[in-house]
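Observations on the three-dimensional arrangement
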Amino acid sequence: MLAVLLAVAALGAEKPNILFLWADDLGWGDLGCYGHPTSDTPHLDKLCSEGKKFMSMYTASPVCSPSRAGLLTGRYQTRTGVYPGVFAPTSSKGLPLNETTLAEVLRDQGGYDTAMVGKWHLGVGMNWEYIPTEQGFDRWLGAPYSHDMPDPTYCFASTEMGSVPGLECYVDPKSGTQPEPMHTTCPTGARGNGSAGQRFGEAEYRETVVGRAYYDKFLRGNPEAGASETVQVPLFNGTKETMAILAQPLNLTTLDEQYSAAAVDFVNGVGRTQGKPWFLYYAFHHTHHPDYASAVFFNTTDRGMLGDSLKALDWAVGEVLSAVQETGQEENTFVFFSSDNGPSLMREQRGGDAGPLRCGKGTTWEGGQRVPGIIKWPGKVAPGVAREVASALDLFATVLDITGLPMPGDRAYDSFSMLPFLVPNGTGVEASPVRDFFYYWSEDVASPKNLNAIRWREWKAHYQTGGSHCNKDYFVPTCVDGYSSGPLAVPLLFNLNHDPGEHVPLNASDPTFKYVMEAISQLKSDLLSSPGLFGASAITPMDPLSQPCVHPQCKDTNQSSSLPQCCRTNPY
């Protein structure tokens, strides 16, 4: 506590602006500054060199919705109810309104103007009661969930297209016909279904409910497969009073320009109160599959379509950071960049890179939750490399510390302030971090038995090894769900300093590691005995009629099968 007080005292009186830049499915090894040899990411590489680059930054979950909930609430998904898995377009609930988001605290107690741009994925609700403007953000331009719910038709623009809406997401532009290797038919929610785990376009898969919802592109005009009940992804815009759907479906080939213009306008003061500090949460769709990019970035990198998508992300980051600098706000803006989870390796060459880490998205191996993390705050946070254990969960407490606001005292939190080791206390010496541990919950957590692993200092013990839900379609055999499944009689133990790829397990029963296993066992006991560890699931209730629709009258018939064609602003 003394270290925190000393660090706060060193900050000065002016409240800083807060800028979160949050990528999607970006792997630990995807950026140039994290070692990728062919990624074209000059703006993010510059941010790395000017900020603190974290080598052990973890997200709350190996999948999307719960990791976003953790970022905004400082609480594990088991506490907030954002489990198991992620919100679907048909989810009737969202992040519970009795949860306190960082935006709410900053706005209501700190006097901040707040805005969000980009992907939400924390629920919509029948009456839009769970969207960002109901959760602490003054305004929002963005999509309610991932852009593959259902899959879009067009992902790329080209200067040679003429009047064509775009290049199709799953067509190799070189041949114009065959799908470029990336897109698999692994069904979310159809665990262990062998027929669904085969390659591209299996008829059995297309006839499943999940297949219809997730791969609507392949069903259009196919009467044998049946009609999908999933509406196209909408683009929302407005304040709480003016919120509306601008387009349905959104246009991926122009989306980056729309998002970045809105973010830059907010930084420049458009729609804000003069003199008030601000919080901007910019949540990108990149590099979640399917990759997409405008004509400016299409076919411009050595990494193919994923590289083009990554370059578009990097450009957008550069636009916002340039606006901060050009308006003279750089010295007083705290910037955090990270990703919601590891790379979607099942997408093969269009699925990202975990670098030396094992496996990726959907798993509790390191590649699933250990992601890039960069903090920049000129004059306060010294540039360099941070090897401390840290988590996106910790941004809640950290931001409240640097803004002089108290942590809410009405519930248990999983957030620890990084301020003592980020900001020297005046002596020039960084304090030791509060966090030296991390808990890994499975992607489909439903009970305490789904605590898959615990890290303490450099040691990580797996009680069970949660793999991807894509049993038959994960090209790394040891990353599928059935591999070394648990609970294990003896935990798998790794020294992550020596073996970050988790290749060589140590003998957890060896007396040499007795103190390690005792410390990890105590951490497990501490977590499982903490109050309020499991709340009611907010993800499981489903209702097709709760999907967002640009034309509300489309729901008057109570026929969800008619929604995909009715809830549209354009034919494609």
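Summing up its helical and strand segments, the protein chain has 14 helices and 17 strands in all. The buried share of the protein chain, taken over its 572 residues, is 60%. By sequence separation, contacts in the protein chain at least 24 residues apart represent 70% of the contacts at least 6 residues apart.

This part covers the sheet that holds strand S17 (residues 492-495). Note: strands within a sheet are paired through backbone hydrogen bonds, in either parallel or antiparallel orientation. The strand order S14-S15-S16-S17 describes an open sheet built from four strands, whose pairing is antiparallel. Looking at the sheet topology across the chains shown, the edges are occupied by strand S14 (437-441) and S17. In this sheet, adjacent strand axes meet at a mean angle of 15° when their direction is disregarded. Taken together, the five bridges between S14 and strand S15 (residues 451-456) define a ladder with antiparallel strand orientation.

In this structure, Leu19, Leu21, Leu280, Tyr282 and Phe337 are the most contacted members of the largest nonpolar core, which totals 61 residues. Put simply, the parts of the chain that give this core at least two residues each are strand S1 (17-23), helix H2 (42-50), strand S3 (113-118), strand S5 (154-156), helix H8 (252-268), strand S9 (278-283), helix H9 (304-326) and strand S10 (333-339). Core analysis: the next-biggest nonpolar cluster, separate from the first, contains 53 residues, Phe396, Leu400, Ile402 and Ile539 among them.

Mean pLDDT for the protein chain: 86, with 81% of residues reaching 70 or above. This stretch, residues 176-227, has a pLDDT under 50; its non-local contacts, to residues over four places away or in other chains, come to 121 contacts.

For H9, built from 23 residues, the straight-helix expectation of 33 Å at 1.5 Å per residue is met to within 8% by its first-to-last C-alpha distance of 32 Å. Note on H9: the residue one or two positions beyond its end, Gly328, has a positive phi of about 75°.

With the rule as written, the count across this model stands at four disulfides. A disulfide bridge connects Cys33 with Cys48, and the sulfur atoms are separated by 2.2 Å. On the sign convention where negative means left-handed, the S-S torsion of about 45° between Cys33 and Cys48 marks this disulfide as right-handed. One end of the pair, Cys33, is in the loop between S1 and H2; the other, Cys48, is in helix H2, with 15 residues separating them in the sequence.

Right, let's get into the pairing of S9. Most of S9 sits out of view: six of its six residues are buried. Every second residue of S9 is oriented toward a common face, with Trp278, Leu280 and Tyr282 on one face and Phe279, Tyr281 and Ala283 on the other, all of them buried. Pairing of S1 with S9, which is carried by five bridges, proceeds in the parallel orientation. Note on S9: the bridge partner recorded for Trp22 is Ala283. As defined by bridge partners, S3 adjoins S9 across six bridges and the pair is classed as parallel.

Before going further, it helps to examine the environment of Phe494. Note that Phe494 resides in strand S17. On the basis of relative accessible area, Phe494 is assigned to the buried category, the value being 1%. Each C-alpha atom, one on Phe494 and one on Ala508, is 8.9 Å from the other, the two residues being 14 residues apart in sequence. Sequence-distant contacts of Phe494, defined by excluding residues within four places in its chain, comprise Trp365, Glu458, Trp459, Lys460, His462, Asp499, Glu502, His503, Val504, Pro505 and Leu506.

With that settled, the discussion passes to the environment of Phe513. Secondary-structure assignment places Phe513 in the loop between S17 and helix H13 (514-528). Put simply, Phe513 and Trp459 are 54 residues apart on the chain and 9.8 Å apart in space, counted from C-alpha to C-alpha.

This part covers the pairing of strand S8 (residues 244-247). Sheet topology note: the strand S7 (residues 235-239)/S8 ladder contains three bridges and is antiparallel. Paired with Leu235 across the two strands is Ala247, which belongs to S8.

Looking now at the pattern of salt bridges. Between side chains of opposite charge, a pair can form when the charged atoms approach closely. Enumeration over the complete set of coordinates arrives at 24 salt bridges. Residue Lys376 is joined to Glu50 by a salt bridge in which the shortest nitrogen-to-oxygen separation is 2.7 Å. Of this pair, Lys376 sits in strand S11 (residues 370-376) while Glu50 sits in helix H2, and the two are 326 residues apart along the sequence. The class of Glu50 is partly exposed, set by a relative accessible area of 28%. In this structure, the salt-bridge partner of Arg350 is Asp291, at a minimum N-O distance of 2.8 Å. Here Arg350 is found in the loop between S10 and helix H10 (366-369), whereas its partner Asp291 is found in the loop between S9 and H9, with 59 residues between them in sequence. Through salt bridges with shared partners, a single ionic network connects Asp24, Arg68, Lys119 and Asp340.

Attention now goes to the packing of H8 against H9. The relative placement of two packed helices is expressed as an angle between their axes plus a distance between the axes. Closest axis-to-axis distance for the H8/H9 pair is 9 Å, and the angle between their directions is 15°. Here H9 runs roughly parallel to H8, going by the angle between their axes. The element H8 and its partner H9 pack so that their crossing is right-handed. Two secondary-structure elements touch here, H8 through Asp256, Glu257, Ser260, Ala263, Val264, Val267 and Asn268 and H9 through Ala312, Trp315, Ala316, Glu319, Val320, Ala323 and Val324. Split into classes, the residues belonging to the contact of H8 with H9 amount to nine nonpolar, two polar and three charged.

Rules and cut-offs
Residues numbered from 1 in each chain as written. Predicted model: local features only at pLDDT ≥ 70, side-chain atom pairs only at ≥ 80, totals over all residues. Heavy atoms only, no water. Helix = DSSP H or I, 4+ residues; strand = E, 2+ residues; numbered from the N terminus. Buried < 20%, exposed > 50% of the residue type's maximum accessible area, 1.4 Å probe, protein only. Contact = heavy atoms within 4.5 Å. Pairing = 2+ DSSP bridges. Axes fitted to C-alpha atoms, helices over the stretch in contact; angles between N-to-C directions. Core = buried A, V, L, I, M, F, W, Y, C linked by side-chain atoms within 4.5 Å. pLDDT = per-residue confidence, 0-100. Expected span 1.5 Å × (residues − 1). Disulfide = S-S within 2.5 Å. Salt bridge = Lys/Arg side-chain N within 4 Å of Asp/Glu carboxyl O. Parallel < 35°, antiparallel > 145°, perpendicular 65-115°, else oblique. Left-handed = near helix turned anticlockwise from the far one by under 90°. Nonpolar A, V, L, I, M, F, W, Y, C, P; charged D, E, K, R; others polar.

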